[in-house]
Amino acid sequence: MSDKPLVIDVNGHDSNDFLGNGMDNDLLSPRDAPKPSMPWFGMDIGGTLTKLIYFEPSDMMELEQQGEKETLKTIHRYLVGNIAYGNTGIRDTHLEMSNQQIGGKKGTLHFIRFPTSEMNAFINLAKSKNFSTLACAICATGGGAYKFEMEFKQRINLTLHKFDELDCLIKGIHYIDRNFPLECYYWKDADSDKPNSSNKVPFDFHNPYPYLVVNIGSGVSILAVRGPFDYKRVWGSSLGGGTFLGLCCLLTGCTTFEEAIALAAEGDSHKVDKLVKDIYGGDYSRFNLKGATVASSFGQMNIEEKRDQASKSDLARSTLVTITNNIGSIARMVATTEKIDKVVFVGNFLRVNTISMKLLAYAMEYWSDGALKALFLEHEGYFGAMGCIMEYVSMSQNFSNIN
Ligand SMILES: Nc1ncnc2c1ncn2[C@@H]1O[C@H](COP(=O)(O)OP(=O)(O)O)[C@@H](O)[C@H]1O
Ligand SMILES: CC(C)(COP(=O)(O)O)[C@@H](O)C(=O)NCCC(=O)O
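Everything in this summary refers to the structure shown in the same document. (Residues numbered from 1 in each chain as written. Chains lettered and ligands numbered in written order. Predicted model: local features only at pLDDT ≥ 70, side-chain atom pairs only at ≥ 80, totals over all residues. Heavy atoms only, no water.)

### Focus on the site of ligand 1
Every one of the 17 residues lining ligand 1 counts as a neighbour, but Thr48, Leu49, Lys51, Ser218 and Arg351 are closest to it. Contact distances for ligand 1 include 2.8 Å between an oxygen atom and a side-chain N or O atom of Lys51. No other element matches the three residues that helix α7 (residues 241–252) contributes to the shell around ligand 1. When residues are assigned to domains, the shell around ligand 1 turns out to be shared by domain 1 (7–172 + 383–402) and domain 2 (184–266 + 311–377), each giving three or more. (Near = heavy atom within 4 Å. Polar contact = N/O pair within 3.5 Å; in protein donor to acceptor, adjacent residues only side chain to side chain. Helix = DSSP H or I, 4+ residues; strand = E, 2+ residues; numbered from the N terminus. Domains from an automatic or database assignment.)

The structure is reproduced here in structure tokens:
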């Protein structure tokens, strides 16, 4: 038995958990707590992408001592031996976290993603690797944990243990920030007129509260976080990463996010948007609106001649700028209302998307007269899945303790 029994409070938080007592560097358990059976996965089934984190134990002997060891080894070899899975699964090797101490075990965290639209192929793959013979459960979060629950049960007899995506998001942010070097950063001297000028600078996030999280996934959720277990969802917007990608596909004929971002990088949004100077002939000085400020997104596109001049890249750029500025503007208003000055932007919309990050950095600073700071995290869209794996380990230990 553990010398620090795991207690779940009414909010579902275990009192030994990370930042709960601030004493134990092994964030999930005392060393002698019962170990949940392998393999350990955390899965965040989002509106667009499914994020899967696999914990690879350093001590593979332990893995082998378990029943169904052939299946375990097959799954392990498949995940760790590849960086691409099928046509669409990718392992983000640059995000890998080695030497992690979780649930009394040492190991490496692997980060994998695939489109949620490929869930059918994922379930078939899990079937072909005999996943169900492991008699284990997978812990899952995100809307898909609910949507696909029956399918997992019926087709591969796998139980999904569901956890709330925003609880997981916060837990995951806290864990990864403290265990990955230089996780948190900001863009120094971001300037919308000179997009290449700013640099990434590490930010010390060890004393984070209060802060705002702006999670830009398919849609946008904004959370005010005031303590390790004290947060509320204060706002949301349906104009998010899914909107950018959907509109870009419609307007340019592109088919992937990477293509949309590459097009945007080449484009000029001023050929699409109506600027303050297009209306005023210069600045609108009385209210401090510079001539280069966008007065109306896509505001030139009612004129046929302008439409003919706008390229696919220009349209992609304007779509990106429109969605990003709208999110920045909402984030700024929420931060002001909540009296919070640190705004952490996460979610896969920011993947390979320095244009939006720099725009957000610039907009937050400029429009707040330097009062607000935009922060970013290297693991962008993986925090929900991370929180989920932690919940799995906590839950399994709690179950073992009860029994
Ligand atoms: N490879 C990709 N495929 C699709 N969308 C991507 C990809 N990489 C980044 N994105 C962007 O990330 C968004 C999804 O972000 P994510 O945080 O995973 O949200 P969700 O949980 O809703 O799937 C997409 O709407 C898109 O803007
Ligand atoms: C419903 C969601 C929480 C789902 O999360 P996601 O898969 O987009 O990461 C999110 O899309 C959202 O908060 N949408 C905005 C809803 C609103 O208008 O508040």
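### Side note on the environment of Leu251
Structurally, the position occupied by Leu251 is in helix α7. Separated by 61 residues in sequence, Leu251 and Lys312 place their C-alpha atoms 7.3 Å apart. Every residue in contact with Leu251, bar those within four places of it in the chain, is listed here: Phe298, Leu315 and Thr319. (Contact = heavy atoms within 4.5 Å.)

### Overview of the sheet that holds strand β12 (residues 220–227)
Sheet architecture is open: seven strands sit in the order β10-β9-β17-β16-β11-β12-β13, paired in mixed fashion. Edge positions in the sheet fall to β10 (199–202) and β13 (230–237), since each has one partner strand and no second. The sheet shows a mean angle of 30° between the axes of neighbouring strands, taken without regard to direction. Of the pairings in the sheet, the one linking strand β9 (residues 184–188) to strand β17 (residues 373–377) comprises two bridges and is antiparallel in character. Looking at the pairing, Cys184 lines up with Leu377 of β17. (Pairing = 2+ DSSP bridges. Axes fitted to C-alpha atoms, helices over the stretch in contact; angles between N-to-C directions.)

### What about the packing of helix α11 (residues 312–338) against helix α12 (residues 354–367)?
Where α11 contacts α12, the axes come no closer than 9 Å and their chain directions differ by 40°. When the axes of α11 and α12 are compared, the pair comes out oblique. Read as a crossing pair, α11 and α12 show a hand that is right-handed. Here Arg317, Leu320, Val321, Thr324, Asn325, Gly328, Ala331 and Arg332 of α11 come into contact with α12, specifically with Ile355, Ser356, Leu359, Leu360, Ala363, Met364 and Trp367. Residues of the contact of α11 with α12, tallied by class, amount to nine nonpolar, four polar and two charged. (Parallel < 35°, antiparallel > 145°, perpendicular 65-115°, else oblique. Left-handed = near helix turned anticlockwise from the far one by under 90°. Nonpolar A, V, L, I, M, F, W, Y, C, P; charged D, E, K, R; others polar.)

### Some thoughts on the packing of aromatic side chains
Inspection of every chain in the model, using the stated rule, returns 19 aromatic pairs. Taking 4.9 Å as the distance between ring centres and 25° as the angle between the ring planes, the aromatic pair formed by Trp40 and Phe55 counts as stacked. Note that Trp40 is positioned in strand β1 (residues 40–45) and Phe55 in strand β2 (residues 49–57), a separation of 15 residues in sequence. Ring centres of Phe111 and Tyr382 lie 5.1 Å apart, and the angle between their planes is 70°; on these two criteria the pair is classed as edge-to-face. (Phe/Tyr/Trp six-rings, centres within 6.5 Å; stacked < 30°, edge-to-face > 60°.)

### A short note on the packing of α7 against α11
Between α7 and α11, the shortest axis-to-axis distance is 10 Å and the interhelical angle comes to 160°. Taken as axis vectors, α7 and α11 run roughly antiparallel relative to one another. Taken as a pair, α7 and α11 cross one another with a handedness that is right-handed. Contact with α7, carried on its side by Thr243, Phe244, Leu247, Cys248, Leu251 and Thr252, involves Lys312, Leu315, Ala316, Thr319, Leu320 and Ile323 of α11 and no other residues of that element.

### What to know about α7
The end-to-end C-alpha distance of α7 is 16 Å, a good match for the 16 Å that 12 residues give at a rise of 1.5 Å each. Within the sequence span of α7, burial applies to Gly241, Thr243, Phe244, Cys248 and Thr252. Buried residues of α7, seen end-on, are gathered within an arc of 155° and therefore sit on one face of the element. Contacts from the buried residues of α7 go to β11 (211–216), α8 (257–266) and α11. One or two positions beyond α7, positive phi appears at Gly253, with a value near 80°. (Expected span 1.5 Å × (residues − 1). Buried < 20%, exposed > 50% of the residue type's maximum accessible area, 1.4 Å probe, protein only. Arc of directions from axis to C-beta.)

### A short note on the site of ligand 2
In the vicinity of ligand 2, the residues found are Gly47, Glu165, Ser218, Gly219, Val220, Ser221, Arg233, Gly236, Ser237 and Ser238. In the model, an oxygen atom of ligand 2 is placed 3.4 Å from a nitrogen or oxygen of the Val220 main chain. Separating an oxygen atom of ligand 2 from a side-chain N or O atom of Ser221 is a distance of 2.8 Å. Considered on its own, ligand 2 offers 460 Å² of accessible surface; in the complex 61% of this is hidden by protein. The greatest single-element share of the shell around ligand 2, amounting to three residues, is contributed by β13. (Areas by Shrake-Rupley, 256 points an atom, 1.4 Å probe, with all protein chains shown as cover.)

None of this, on its own, says anything about what the molecule does.
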